[in-house]
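The primary structure of each chain is shown beneath.
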Amino acid sequence: MSKSKLTILLGILAAALIGPYLAGLWLAGPDHVFGGFLFNPLDGNSYLAKMHLGWQGEWRFQLSYSLEQGRGAYLFLFYIFLGHLARICGLSLPLMFHLARLLSSAFLVYSILRLYRRWSTDFSPWGFYLLIALTIFGSGLGWIAALFGGFTSDLWVSEAFPFLSMYANPHFPLGLGLLYLHFDLLVSDSRWQQTPFFILLGLMIAIIQPFAVAAGMVISAGFTFWEWIETRQWRGLPAAVGFAIGGGAFLVYQFAAIQRDPILALWNEQNITATPPVWDVLVAFSPSLILSAVAIVNLMRAKQAGRYKLFVIMLISGFVLAYFPFSLQRRFLLGLFVPCAFLGVIAIIRLSGTKIRLRGVLAGAVMLLSIVSNLFILLGGIGAVPRHDPAIYFSRDEQQAFTWMEEHAGESGPILASEDSGMYIPAHTGWQVVYGHPFETVFAEQRKDEITAIFDGSMSATEIEMYLHRNRIHYIFWGPRERQNRPDNPFADYEIVYQNARVTIYDLE
């Protein structure tokens with residue numbers, strides 16, 4: 001593939017990853033502040049909350065979205081490190097987040113190109129160009145389901161698709177990039193003298209993307225065993241063993257640390273991410289998935305599957321792990337579109353043969369069908385900008401209140417706020433809220449019901465007072481989101497510690 005064509009692809013990718021967020025920032029207007037996220041702002045703000053721990057000088061992870069607090073543990077170190085780095089560099093947390101996202105995206109593209117080049121001679125220039133384009137920009141047929149009211153995995157499971165990973169956050173593309181770097185080393189002539197590097201690589205992946213370790217270990221074991229069957233040599237074994245030692249050691253620590261802390265243990269119990277139904281996944285990864293199945297059958301008949309065994313194992317093990325009975329099974333869809341894209345292009349090459357017209361039709365159809373879901377996501381985010389969607393924007397008055405809270409973070413205790421404000425407060429102030437995230441709030445369903453009852457008027461002023469004292473809540477955030485469903489102010493008698501035109505913060509002590 002020529003450098004000019006690759007430059008065009010990378011330029012389009014950069015515009016897609018940067019442009020919508022710049023639009024969100026520039027079009028905020030005088031009365032609104034862009035929160036920094038166009039895709040999944042709920043999780044995006046939770047990443048900022050973790051970064052805020054580092055900004056405050058901490059290294060242990062604590063649940064900012066929960067009343068309950070334990071001793072904490074050394075988890076989510078990547079985001080906590082970014083918080084430290086932001087403080088040292090004097091950068092805002094959202095800016096550091098997006099700089100890390102873009103650098104991680106560049107590394108993911110590099111790792112994909114580095115891995116693919118080992119098979120570049122199997123593709124003509126047009127075939128390799130299609131492979132890169134499909135891998136970077138491709139997705140599934142969820143856009144068709146969306147036209148009929150459906151919402152399939154390719155529209156929200158960002159870890160499964162390279163483009164969506166790069167659009168969503170920094171840890172998905174960085175974790176994937178490191179995993180593909182491991183695979184590149186796995187298929188090379190790795191040596192036992194390199195074991196310390198393999199251990200370090202496994203440790204880094206475990207810190208950044210723990211679920212990639214389990215997937216990587218299964219794929220590495222499958223590759224080395226298949227290689228031994230074919231050649232009676234353990235090619236890749238040093239890389240596989242080192243990766244397992246480094247990554248496995250941190251997974252053991254993570255499991256033990258969570259179990260030792262009763263609050264983190266409760267948090268972990270409710271952190272359930274089930275894989276969507278099989279039909280959903282089939283839609284979300286097709287047409288590339290269908291073509292991958294065709295390629296595997298064709299390669300097995302021709303007794304050539306061994307040449308592409310890494311991608312065959314990646315695809316099969318990905319689906320097996322995704323439906324393994326485990327509470328976080330969906331996480332094993334990590335990067336699954338990559339083997340789908342690779343084997344899908346192999347199928348197009350083999351089906352078209354020397355028929356140039358058929359090749360063009362197949363390639364064009366697959367590419368067109370595979371990019372629409374991502375276009376839907378981009379347009380959905382951009383469409384939310386002009387109307388200043390409250391999920392991605394907050395008011396200037398709220399920002400001023402957040403600034404005051406951040407300046408007084410050392411004096412903070414738990415603060416009562418509505419569900420919507422609770423999403424923002426830990427991310428932009430570092431303060432602890434009663435409820436703000438369905439997975440990172442202990443007893444999340446109960447807390448959500450309590451907060452809803454307080455701010456929709458269902459709970460009386462007397463009941464609210466009892467609730468506040470029972471849960472040792474120190475402050476109350478009363479802003480435009482809190483007033484939305486409760487016009488009366490049940491907190492008017494408490495002491496005011498901060499106030500502007502639309503936000504009042506009360507002190508209960």
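Just above, that's the structure.
Since this is a predicted model, take the numbers as computed values, not measurements.

1. Let's talk about the sheet that holds strand β6 (residues 504–507)
The mixed open sheet is built from four strands, whose spatial order is β3-β4-β6-β5. Looking along the sheet, the strands with just one partner apiece sit at the ends: β3 (415–416) and β5 (495–499). On top of the sheet, helix α18 (residues 396–407) reaches β3, β4 (475–478), β5 and β6; it is set at about 115° to β5, its chief contact.

2. Overview of empty space enclosed by the protein
In the structure shown here, the tally under the stated rule is two cavities of 30 Å³ or more. In this model, the largest cavity occupies a volume close to 120 Å³. Forming the walls of the largest cavity are 14 residues, and the residues nearest its centre are Ala215, Ile219, Met314, Leu334 and Gly335. At the level of elements, α8 (171–187), α10 (210–231) and α15 (309–322) are the ones that each hand at least two residues to the lining of the largest cavity. A total of four residues in the lining of the largest cavity trace back to one element, the largest contributor, which is α15. Residue composition of the lining of the largest cavity, by class: 11 nonpolar, three polar and no charged. The computed volume of the second largest cavity comes to approximately 30 Å³. Lining the second largest cavity are Ser46, Ala49, Lys50, Leu53, Phe61, Gln62, Ser64, Tyr65 and Glu440. For the lining of the second largest cavity, the class distribution of residues is four nonpolar, three polar and two charged.

3. Description of the side chain of glutamate 440
Note that glutamate 440 resides in the loop between α19 (419–429) and α20 (444–455). Assessed through its relative accessible area of 9%, glutamate 440 is described here as buried. A polar side-chain atom of glutamate 440 sits 2.5 Å from a polar atom in the side chain of lysine 50.

4. Describing the layout of surface pockets
There is about 1,300 Å³ of room inside the largest pocket. As for the largest pocket, its lining consists of 50 residues, and the residues nearest its centre are Phe76, Phe211, Asn271, Leu328 and Arg331. Here the lining of the largest pocket is built from residues that sort into 31 nonpolar, 13 polar and six charged. Roughly 750 Å³ of internal volume is contained in the second largest pocket. In this structure, the second largest pocket is lined by 31 residues; those nearest its centre are Phe34, Ser92, Leu93, Pro94 and Leu95. A total of seven residues in the lining of the second largest pocket trace back to one element, the largest contributor, which is helix α4 (residues 93–116). For the lining of the second largest pocket, the per-class residue count stands at 19 nonpolar, nine polar and three charged.

Cut-off values and rules
- Residues numbered from 1 in each chain as written.
- Predicted model: local features only at pLDDT ≥ 70, side-chain atom pairs only at ≥ 80, totals over all residues.
- Heavy atoms only, no water.
- Pairing = 2+ DSSP bridges.
- Helix = DSSP H or I, 4+ residues; strand = E, 2+ residues; numbered from the N terminus.
- Contact = heavy atoms within 4.5 Å.
- Axes fitted to C-alpha atoms, helices over the stretch in contact; angles between N-to-C directions.
- 1 Å grid on protein atoms, 1.4 Å probe; cavity = no way out; pocket = protein on both sides within 12 Å on 5 of 7 lines; lining within 4 Å.
- Points joined across faces, edges and corners; volume = space filled by probe spheres on them.
- Nonpolar A, V, L, I, M, F, W, Y, C, P; charged D, E, K, R; others polar.
- Buried < 20%, exposed > 50% of the residue type's maximum accessible area, 1.4 Å probe, protein only.
- Polar contact = N/O pair within 3.5 Å; in protein donor to acceptor, adjacent residues only side chain to side chain.

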